[in-house]
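Architecture and fold: a report
Below are the chains, spelled out letter by letter.
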Amino acid sequence: MLKPPHIPVLFVSFPFYSSFPKGVSNVFVLGNKLFTVTENNVLRSIIMSVLPPVRKDRIIGQLPKCFSKGAALNTEDEFHNKVKTACQQQRTGTVGFKISKVIVVGDLAVGKTCLINRFCKDVFDKNYKATIGVDFEMERFEVLGVPFSLQLWDTAGQERFKCIASTYYRGAQAVIIVFDLTDVASLEHTRQWLEDAMKENDPTSVLLFLVGTKKDLSSPAQYTLIEQDAIKLADQMKAEYWAVSALSGENVREFFFRVASLTFEANVLAELEKSGSRRIGEVVQINSNSNNLYATSKKKQPNCCQ
Ligand SMILES: Nc1nc2c(ncn2[C@@H]2O[C@H](COP(=O)(O)OP(=O)(O)OP(=O)(O)O)[C@@H](O)[C@H]2O)c(=O)[nH]1
Ligand SMILES: [Mg+2]
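Computed from a predicted model, the values in this text were never measured in an experiment.

Two modes of strand pairing occur in sheets, parallel and antiparallel, and in both the strands are linked by backbone hydrogen bonds. Pairing is mixed across the open sheet formed by seven strands, whose spatial order is β5-β7-β8-β6-β9-β10-β11. Bordering the open sheet on either side are β5 (59-60) and β11 (240-243), each of which pairs with just one other strand. Here strand β7 (residues 134-143) pairs with strand β8 (residues 146-155) via ten bridges, running antiparallel. Bridge pairing in β8 places Arg140 opposite Ser149. Taken strand by strand, helix α7 (residues 252-276) contacts β5, β6 (99-106), β7, β8, β9 (174-180), β10 (207-213) and β11, and its axis lies near 120° from that of β8.

Here it is in structure tokens:
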């Protein structure tokens, strides 16, 4: 019998919980399956599919293109070879079970909530309702055949809520700094938003995106002008630049696919590095049935006195 894997899992409580067989002490969700664990801590069975499969329009098979080669995190046409191989060989470790945190920051009313809502719910609200503190949405993807989830944290831009919102900055894998393409001041303020977000995060491991919104409102001449400044700033920040419209939906899906893909790639590379640097003397067991989970155990030390 399989031992329960030592990975973060989502414990759930369902209305049918009480009808579980005798001896079952716990249930958890792994991927889209429900598992039970018996009282003596043994993984018993896969009961049923709980979560619906990843939506067809959230499946990523190729690295999406950057928006502008002048300010891109990566100008490759394809995923890193190591990442493709790891996915093919199901050697992505815990990546498939992780939820990556993405925070969205920027001045009030630049369009953070509308951007997230356009992607996650395909809606647009022309009435401004300020975000109070924070809000979040979960988005599930499948990248190169591996499930991958993003937790999108929508923070408040209003000064009076900033203090609450900033307590949620920690642990981000990607930071999306939003400005309004029709408001130069909001672009200038992005430096401050970046500084605040980085106080709580490790700058060497966070992916940065600088996103101009309301593209539908700017004239081509106005757009060209602000784009030059935005690309220059993105380059200095080491961020990837995008211009989008939540109203028309222009570039919204492409942008979030890029965020998901680059975050996924960074996660797989980090996982490969971690497994590559495991100490000699540790045995890595890859269980092909349990969707590439691995467990490490120490090899018995040879008795040097014998
Ligand atoms: N024309 C147009 N209007 C937009 C777009 N995105 C947002 N808006 C409008 O801009 C206003 C502010 O949008 P929100 O998304 O609520 O702004 P926010 O950045 O979340 O604001 P806070 O929550 O206060 O930080 C709303 O009236 C939206 O309808 C866009 O792409 N085009
Ligand atoms: Mg908002």
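Moving on, we get to the packing of helix α1 (residues 81-88) against α7. Interaxial distance between α1 and α7 falls to 10 Å at its minimum, and their mutual angle equals 80°. Of the possible angle classes, the one that applies to α1 and α7 is roughly perpendicular. For the pair α1 and α7, contact is made by Lys82, Val83, Ala86 and Cys87 and by Phe264, Glu265, Val268, Leu269 and Leu272, respectively. Of the residues contributing to the contact of α1 with α7, the split by class is seven nonpolar, no polar and two charged.

Turning next to the coordination of the magnesium ion (ligand 2). By definition of the ideal shapes, a tetrahedral metal site with four donors has angles of 109.5 degrees and an octahedral site with six donors has angles of 90 or 180 degrees. Of the protein atoms, only Thr113 (OG1) and Thr131 (OG1) coordinate the magnesium ion (ligand 2), at distances of 2.0 Å. Of this pair, Thr113 sits in helix α2 (residues 112-121) while Thr131 is found in the loop between α2 and β7, placing the two residues 18 residues apart along the sequence.

Calculation notes
Residues numbered from 1 in each chain as written. Chains lettered and ligands numbered in written order. Predicted model: local features only at pLDDT ≥ 70, side-chain atom pairs only at ≥ 80, totals over all residues. Heavy atoms only, no water. Pairing = 2+ DSSP bridges. Helix = DSSP H or I, 4+ residues; strand = E, 2+ residues; numbered from the N terminus. Contact = heavy atoms within 4.5 Å. Axes fitted to C-alpha atoms, helices over the stretch in contact; angles between N-to-C directions. Parallel < 35°, antiparallel > 145°, perpendicular 65-115°, else oblique. Nonpolar A, V, L, I, M, F, W, Y, C, P; charged D, E, K, R; others polar. Donors = N, O, S within 2.8 Å, 3.2 Å for Na, K, Ca; no water.

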